[in-house]
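Survey of secondary and tertiary structure
Okay, here's what each chain looks like letter by letter:
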Amino acid sequence: MEWTEIENILPAKFRPCFTGGRVDVDRLREIRFRMGQPVEVIGGKRRILGAGKVDRSDLKEMIAYISGYSLYAFEEEIAQGFMTIPGGHRVGVAGQVVVERGCVKNIRNISFVNVRISHEIIGCGKNVMPYLDEGGRLPDTLIISPPGCGKTTLLRDIARMLSGDAGSSEGKTVTVVDERSEIAGCYRGVPQNDVGCRTDVLDGCPKSEGMMMAVRSLSPEVIVVDEIGGKKDVQALEHVMNCGCRIIAAIHGENYQEVRNKPEVGRLLEQERFGRYIVLGHAGGPGSIEDVRDRKGRILYDG
């Protein structure tokens, strides 16, 4: 992570707070700006910065930097509640929501900004790769994780390793369906994170539509998708599986049994459609593997 990617969007009056070792920028995960409140940083622990409160001019300055002084060009992203900046970092926004015909059209009077800092951890998926083999082939895999346990980081690294290096003839054709721009972290369509040289990215595309688009037009061997759950997602997953394309997906859940009890995804578990389950947890720190299970839910690895 290049700190200048973050520093360049911060309001000028708060930039000195992050210099001279006042904040360990390498450990930062979030920087939160709230109208009328002091700035909060999160990384290891929560901390309030003693540099005054955020006012309207600070937020306007920040949004101007993020949008390149052309907020209109970012209206579609803002309607989704976030903007992506160079480096793959995401800036979540909240304020007065404008709704038309039941759909969010825009967010005005932005009063809350959350800078979510992307930390790419190359090689974090190395320990799970030996388990992604079922009789000599890649199994459809579901990563189960509570929020904040590194499932997106793991997905990204698995995609990178499956895709392979440019200097190697080995590697699979991968499509990342990146609805929230978190896996590849695209900025103006270009991945800011390393997702491999044989990986195509559908950035900002709804998961269910993206999976179908990928099968129709990109001929992937593997589709990688984050935060599945709804009926449309499950239907698209089944279609992809029936087309012979492998799936590496992630879902929020505390453990295997909780996901098994979910009404839509649980049906796929009962039918043993996934060959592997990787369960993440907090016990050994964010990103620690709690267990790995086979198609029948039997434990192959117990962390």
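Everything quoted here is computed from the prediction, not taken from an experiment.

Some thoughts on unusual backbone geometry
For Arg101, which is not a glycine, the phi torsion comes out positive at approximately 55°. Judged by its relative accessible area of 87%, Arg101 is exposed. The backbone of Glu227 sits at a positive phi, close to 55°, despite the residue not being glycine. Following the sequence through the fold, Glu227 ends up in the loop between β10 (222-225) and α6 (231-242).

Some details on the environment of Lys231
For Lys231, the position within the fold is in helix α6. On a C-alpha basis, the gap between Lys231 and Glu264 in space is 6.0 Å, while along the polypeptide they are 33 residues apart.

Some details on the packing of aromatic side chains
Under the counting rule described, the total for this entry stands at five aromatic pairs. Aromatic side chains Phe14 and Phe33 sit 5.9 Å apart centroid to centroid with 75° between the ring planes, which places their arrangement in the edge-to-face category. Taken together, the positions of Phe14 in the loop between α1 (3-7) and β1 (30-34) and Phe33 in strand β1 put the pair 19 residues apart, joining distant regions of the chain. For the pair Phe14 and Phe33, a shared accessibility class is recorded, and that class is buried. Every member of this aromatic cluster is reached through a ring pair, and the members are Tyr256, Phe274 and Tyr277. One residue, Arg90, lies across the ring of Phe82, its end atom 4.0 Å from the ring centre.

What counts as what
- Residues numbered from 1 in each chain as written.
- Predicted model: local features only at pLDDT ≥ 70, side-chain atom pairs only at ≥ 80, totals over all residues.
- Heavy atoms only, no water.
- Buried < 20%, exposed > 50% of the residue type's maximum accessible area, 1.4 Å probe, protein only.
- Helix = DSSP H or I, 4+ residues; strand = E, 2+ residues; numbered from the N terminus.
- Phe/Tyr/Trp six-rings, centres within 6.5 Å; stacked < 30°, edge-to-face > 60°.
- Lys NZ or Arg CZ within 6 Å of the ring centre and 35° of its normal.

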